[in-house]
Amino acid sequence: MDREQRTEDGGRRTEDGRLAPPYREGDGAVDAVLRPQPPDEWHLAGLTLRSRVLLGTSRYPSLQTLLDALDASGAELITVAIRRVNLGDANEEESLLGALRQRDVHVLPNTAGCYTAKEAILTAQLAREALETDLVKLEVIGDDETLYPDAVQLLKAASELINDGFKVLAYCGDDPITARKLADLGCAAVMPLAAPIGSGMGLVNPYALRIIRELLPDTPLVVDAGIGTASDAARVMELGYDGVLLNTAIAGAEHPVMMAEAIRKAVEAGRLAYRAGRIPRRLYAQASTPDTDRIDVDTRL
């Protein structure tokens, strides 16, 4: 050890300048050296968040399962369908809203079940009055079968709600033009779908999602709907999205709490991979071993 010197990053170098392997005391096993990562906080509608998992609250087997999954996911922003909960129970600990208020999470009311701009606006105003929040996840559905959003009604509702002082997180299709129009209106976040709600199909059009990210480099983007499993969430983050909102992938899993943990880890891994910067895709192989200093083999022997 006397012949080794510490480097600035806490590593060690031998006298000839080589990095010395770090060992655990006692057993001599090589340990991994991981530099501490800086905090990867992000900002959404005036909130500072550490987790990039956003969670829905529908279709869980029980309230306790939802709460356990919430803990396992690490989510800090939870969305609740205002037209499907009893707002009068907000202060009752055994109710959904009451239980969420006992935890250190932000409740994001959504306008699920609305089919016109007028319905969505009235629902958002009701949520603001009952929950004392200007946050709203705006959904305006255009079709019962696919549950795709109605772009015309969505843009109309978003414009009016923003003018009314709401911080709008807008759920939309994977159309880059609609996404850009929502951002231009001043939405706090744009939330394109990966696939139809509850389908579990994953990223059916990653090409479009990538275009949206490139068109809106400074707008918070969250993929919402269609996630089926952890690998889907990782792919979203590898595209450079800021977060993933999901519900059915966890609530409908055979083991919801276990899936919630898997999603959390996948989102963290995907985000880290995005920050690390992947290698470019190549049509042909490229040897990983360089040709320089290669030993020649005499084939005549």
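Above: the structure in question.
To keep things clear, this report deals only with the structure shown in the data block. (Residues numbered from 1 in each chain as written. Predicted model: local features only at pLDDT ≥ 70, side-chain atom pairs only at ≥ 80, totals over all residues. Heavy atoms only, no water.)

Regarding the overall build of the chain
Thinking step 1. Along its length, the chain carries nine helices and 13 strands.
Thinking step 2. Here the chain, with 301 residues, has 44% of them falling under the buried criterion.
Thinking step 3. Nonlocal contacts in the chain, meaning residues at least 24 apart in sequence, comprise 59% of its contacts between residues at least 6 apart.
Thinking step 4. With the model as given, the accessible surface of the chain reaches about 17600 Å², and the carbon-plus-sulfur share is 48%. (Helix = DSSP H or I, 4+ residues; strand = E, 2+ residues; numbered from the N terminus. Buried < 20%, exposed > 50% of the residue type's maximum accessible area, 1.4 Å probe, protein only. Contact = heavy atoms within 4.5 Å. Areas by Shrake-Rupley, 256 points an atom, 1.4 Å probe, with all protein chains shown as cover.)

Some remarks on the environment of Ala251
Thinking step 1. Mapped onto the elements of the fold, Ala251 is located in helix H8 (residues 248-251).
Thinking step 2. Between the C-alpha atom of Ala251 and that of Ser58, which follows or precedes it by 193 residues, the distance is 7.3 Å.
Thinking step 3. Setting aside residues no more than four positions away along its own chain, Ala251 makes contact with Ser58, Arg59, Tyr60, Pro61 and Pro256.

Quick word on helix H4 (residues 151-163)
Thinking step 1. With 13 residues, H4 should cover 18 Å at 1.5 Å per step; its first-to-last C-alpha distance of 18 Å lies within 8% of that length.
Thinking step 2. Turning to H4, its buried residues are Leu154, Leu155, Ala157, Ala158, Leu161 and Ile162. Each buried residue of H4 lies within a common arc of 165 degrees when the element is viewed along its axis, so the set occupies one face. Every exposed residue of H4 that faces more than 90 degrees away from the buried side is listed here: Val152 and Asn163.
Thinking step 3. Considering only its buried residues, H4 is in contact with helix H3 (117-131), strand E9 (135-138), strand E10 (167-172) and helix H5 (176-185). (Expected span 1.5 Å × (residues − 1). Arc of directions from axis to C-beta.)

Here we look at the packing of aromatic side chains
Each aromatic ring pair is summarised here by two numbers: the centre-to-centre distance and the angle between the ring planes.
Thinking step 1. Summed over all chains, the structure comprises zero aromatic pairs.
Thinking step 2. The ring of Tyr171 carries Lys137 above its face, with NZ or CZ at 5.7 Å from the centroid.
Thinking step 3. The aromatic ring of Tyr241 is capped on one face by Arg213, whose charged end is 5.9 Å from the ring centroid. (Phe/Tyr/Trp six-rings, centres within 6.5 Å; stacked < 30°, edge-to-face > 60°. Lys NZ or Arg CZ within 6 Å of the ring centre and 35° of its normal.)

With respect to the nonpolar core
Inside soluble globular proteins, nonpolar side chains tend to come together where they are buried.
Thinking step 1. One finds Leu100, Leu138, Val168, Leu182, Ile227, Ile250 and Ile263 to be the most contacted residues of the largest nonpolar core, which totals 69 residues.
Thinking step 2. Every residue in contact with Leu100, bar those within four places of it in the chain, is listed here: Thr57, Leu67, Leu70, Ile78, Val80, Val105 and Val107.
Thinking step 3. Counting 15 residues, the second-largest nonpolar core is a separate cluster that includes Leu47, Leu169, Ala189 and Leu245. (Core = buried A, V, L, I, M, F, W, Y, C linked by side-chain atoms within 4.5 Å.)

Considerations on the packing of H5 against helix H6 (residues 206-215)
Thinking step 1. The geometry of H5 relative to H6 is characterised by a closest axis approach of 9 Å and an angle of 30 degrees between their N-to-C directions. When the axis of H5 is compared with that of H6, the two are roughly parallel. For H5 against H6, the interelement crossing comes out right-handed. Across from Pro176, Ala179 and Arg180 in H5, the residues of H6 making contact are Ala208, Ile211, Ile212 and Leu215.
Thinking step 2. Partitioned by chemical class, the residues of the contact of H5 with H6 number six nonpolar, no polar and one charged. (Axes fitted to C-alpha atoms, helices over the stretch in contact; angles between N-to-C directions. Parallel < 35°, antiparallel > 145°, perpendicular 65-115°, else oblique. Left-handed = near helix turned anticlockwise from the far one by under 90°. Nonpolar A, V, L, I, M, F, W, Y, C, P; charged D, E, K, R; others polar.)

Description of the pairing of strand E11 (residues 189-192)
Thinking step 1. The alternating pattern of E11 places Ala189 and Met191 on one face and Val190 and Pro192 on the opposite face, and all of these are buried.
Thinking step 2. Sheet analysis places E10 next to E11, joined by four bridges and oriented parallel. Its bridge partner lying in E11, Ala170 is registered against Val190.
Thinking step 3. Note on the crossover from E10 through H5 to E11: the handedness is right-handed. (Pairing = 2+ DSSP bridges. Right-handed = clockwise from strand over helix to strand, strands pointing away.)

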